[in-house]
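Read off the chains here:
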Amino acid sequence: MSLQSGLDAFNQGRYEEAIYLLEEFSQNSIELNSPDYLTSQMWLVKAYQAIGDLEEATILWQKLINSPNQKVQEWARGNRPTPLPQPETESRKFPKAGRAVTTGVSLAMGGVGGSLTLASGVTIALLFGMVFVLGLSVVLITNSSDPGTGLAIAIGITLVFNLAAFFFSPLLMDLSQKWLYQTRWVNLAEIENLSPETAKIIRQVCQQKNITTPRLGIIDDQNPTAFTYGSLPNSARLVVSQGLFTYLDDDEVATVYAHELGHIVHWDFAVMTVASTLVQICYLVYSTARRFTRGGGDNKVKDALETAGFVAYIFYVIGTYLLLYLSRTREYFADHFAAETTGNPNGLSRALVKIAYGIVEEGSRAQEPSRLIEGTRALGIYDHKAAASTGTAYRISSDPQKVGRVFLWDMFNPWGWWMELNSTHPLTGKRVRALSTYSEQLGLPTEFDMGRVMGEGKTLDKTKLYGNFFLDIVLYGAETIGFIGGLIIGFFMLSASDNSGLILGMPLVGLGIGIVIKALVMFPDYSKAVSTDILTLMSDPYASPLRGQPANLEGELIGRGDAGYKFGSDLKLQDPSGMLYLRYASRFGPIGNFLFGMKRVESLIGQKVGTIGWFRRGIMPWMDLIQLEGENGTFVHSYHRFWSFIMGGGFIILGVALTVFLNNN
């Protein structure tokens, strides 16, 4: 029997046959360290895992982890046998809402995401304008040729570097993908074995758009994700994880591939590269101007450069947000492309929710967050930070309306809009809402009744949602505002006094006052914390990242919350309704956090615990831990509020002491 026949059986889902063929191949192998023999053993581990025989899979895995072959050891470390998700039972499987009979129907976006051409053109035009104005301000306003020469060289290097990176980055990414995630490149036939509709969509799009079939990759990781990279459409790479095929049905996988093909068709790589280059040039102008204003020199030149540097920094900040806006717009248009291409917007809605579920499910098994999911956050189809609420709802409920309820925060909470400004992806609720409008245009029932969600949103208490939002925004930045306010007050007081310590002391006093005021709002009285569950907290449309909600939860500690950090002090709590990150703060500060992560966390993982903390909701929900009571009387106390008051009070005392000390000297 050939090795390939066993691999073919596995890829077609015939796991028992694959085991028979691979076992026979292994028994007939003479050289037990040959690449083919080791490959057969690795696939046997996967095949036994697929049929639920973890005992046999683990026996084989233990041999591979001790193999003298370094690459085999690395593979084994990343593929320890764990129970795979069971097929969805009827109690959790959604009834599918259906799809269009024909594909390629033009769908109106109705203002969703704006105009892709306009967004790209305006963003790049504004960035070009910023760079042009900044160049003039530095080169023409000053009388010295040195700043202009230095700037010209810096911009030239930036352009050459980014141009080279634009064309060579796919090769560098290939190497990093292979090194970090062991990406294996496959042909379209293997994709067809895993998802027949996906292969059909790839052929259809490439033929219609006259582009080369992308280089197709698969990462052997059960966390579901997909991403695209490259320089030009004909040199693009489209990579997915094995988890995409585990958690999604055939038609849902096809919509994810169609979404990624949309990025390729729309030339997203080129546009984002040009835009990010212009933002970098803004920063170069700022850093160049700042360097040339150090020390003495002609006042006119120095003043002009200081002004140019300040304006450059403002443009850099604006450009960064324009870049994020452009990234979010492109996600909307890739979704739209997938809906039109497949005629299945409901399939993509389901895919987004099930990807979130898969991320949560895999996270509940792993003791550390996935390096793949963390490392591809900006590239992936889904921002894993937003997965917790949606994935948790899907994990326990067969009712799409319960899943839809967690979208209330995305659609109506002003903090959602504020947090989205710093995100490369739109909030999930907004994407599902847009996909629902496409389903309505096709005359289809929607997967998630977003009309009902929107109707429920109109009944929310607007005063509770928006009444204190602008005040909360101020309080959210209270430390910065306090520092700037103290600096301004210090300047005014200095005009009436010769105490130079006011310039140093008053900003620190303002900073300390800001920290204390913010702490009073963030950490309310927790003595009356209510017993609840994670899904209930995540479904609260009024939740805030600022105003903590005291809550009492019971569940099991299932791992660390710090991405890839073996001594991380944060934890993951799982209860029957979902999973939540617990943030820990030692009374001894960062050193205490490190020691807690090194010595205590490992012994806590796996324990049933009761916790009290302040729940918060941003793009990702979390809880600032107050107290944790584990089995056998284990107690853990966390000191978030304590440290806020210590830091605030410390800055106030330091500011006053500096003011008094410099006044006396």
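Preceding this section is the structure that the text describes.
Residues numbered from 1 in each chain as written. Predicted model: local features only at pLDDT ≥ 70, side-chain atom pairs only at ≥ 80, totals over all residues. Heavy atoms only, no water.

Colleague: How do you make sense of the side chain of K518 when you look at a structure like this?
Modeller: On the secondary structure map, K518 appears in helix 25 (residues 501-522). Within the local environment of K518, its side chain forms a polar contact with the side chain of E479, the two groups lying 3.4 Å apart. If near-sequence neighbours (up to four positions away) are discounted, K518 is found in contact with L475, Y476, A478, E479 and L546. (Helix = DSSP H or I, 4+ residues; strand = E, 2+ residues; numbered from the N terminus. Polar contact = N/O pair within 3.5 Å; in protein donor to acceptor, adjacent residues only side chain to side chain. Contact = heavy atoms within 4.5 Å.)

Colleague: Looking at this structure, I do not really get the environment of V311. What am I missing?
Modeller: Here V311 is to be found in helix 13 (residues 299-342). Residues V311 and V285 lie 26 residues apart in sequence; the distance between their C-alpha atoms is 9.4 Å.

Colleague: Whenever I open this one, the packing of aromatic side chains confuses me. Can you help?
Modeller: Given two aromatic rings, one states the distance between the centres and the angle between the planes to describe the pair. According to the stated counting rule, one finds 12 aromatic pairs in the structure shown. Seen from their ring centres, F227 and Y229 are 6.4 Å apart, and the 25° between their planes marks the pair as stacked. There is no split in this pair, since F227 and Y229 are both buried. Between the aromatic rings of W415 and F469, the centroid separation amounts to 5.2 Å while the plane-to-plane angle is 85°, which identifies the pairing as edge-to-face. Here W415, found in helix 19 (residues 414-420), pairs with F469, found in helix 23 (residues 469-476); they are 54 residues apart in sequence, far enough to count as distant. Seen from the ring of Y542, K464 lies directly overhead, with NZ or CZ sitting 4.4 Å from the centre. (Phe/Tyr/Trp six-rings, centres within 6.5 Å; stacked < 30°, edge-to-face > 60°. Buried < 20%, exposed > 50% of the residue type's maximum accessible area, 1.4 Å probe, protein only. Lys NZ or Arg CZ within 6 Å of the ring centre and 35° of its normal.)

Colleague: I keep staring at the packing of helix 20 (residues 428-441) against helix 21 (residues 450-458) and nothing clicks. Help me out?
Modeller: Two numbers describe a pair of packed helices, the interaxial angle and the distance between the axes. One way to put it is that helix 20 packs onto helix 21 with a least axis distance of 10 Å and a crossing angle of 125°. Considering the angle they form, helix 20 stands oblique to helix 21. Contacts from G429, V432, R433 and S436 in helix 20 reach M450, G451 and M454 in helix 21. A class-by-class count of the residues in the contact of helix 20 with helix 21 yields 3 nonpolar, 3 polar and 1 charged. (Axes fitted to C-alpha atoms, helices over the stretch in contact; angles between N-to-C directions. Parallel < 35°, antiparallel > 145°, perpendicular 65-115°, else oblique. Nonpolar A, V, L, I, M, F, W, Y, C, P; charged D, E, K, R; others polar.)

Colleague: What am I meant to see in the sheet that holds strand 2 (residues 215-219) here?
Modeller: Adjacent strands of a sheet pair through backbone hydrogen bonds, lying either parallel or antiparallel. Spatially, 1-2-4-3 is the arrangement adopted by the 4 strands of the open sheet, whose pairing is mixed. Pairing within the sheet leaves two strands with one partner each, and these edge strands are strand 1 (184-186) and strand 3 (226-229). Across the sheet, the axes of successive neighbouring strands diverge by a mean angle of 30°, strand direction being ignored. In the sheet, strand 1 pairs with strand 2 via 3 bridges, with the strands oriented antiparallel. Each residue of the ladder has a partner; that of V186, found in strand 2, is L216. (Pairing = 2+ DSSP bridges.)

The analysis is restricted to geometry; functional conclusions fall outside its scope.
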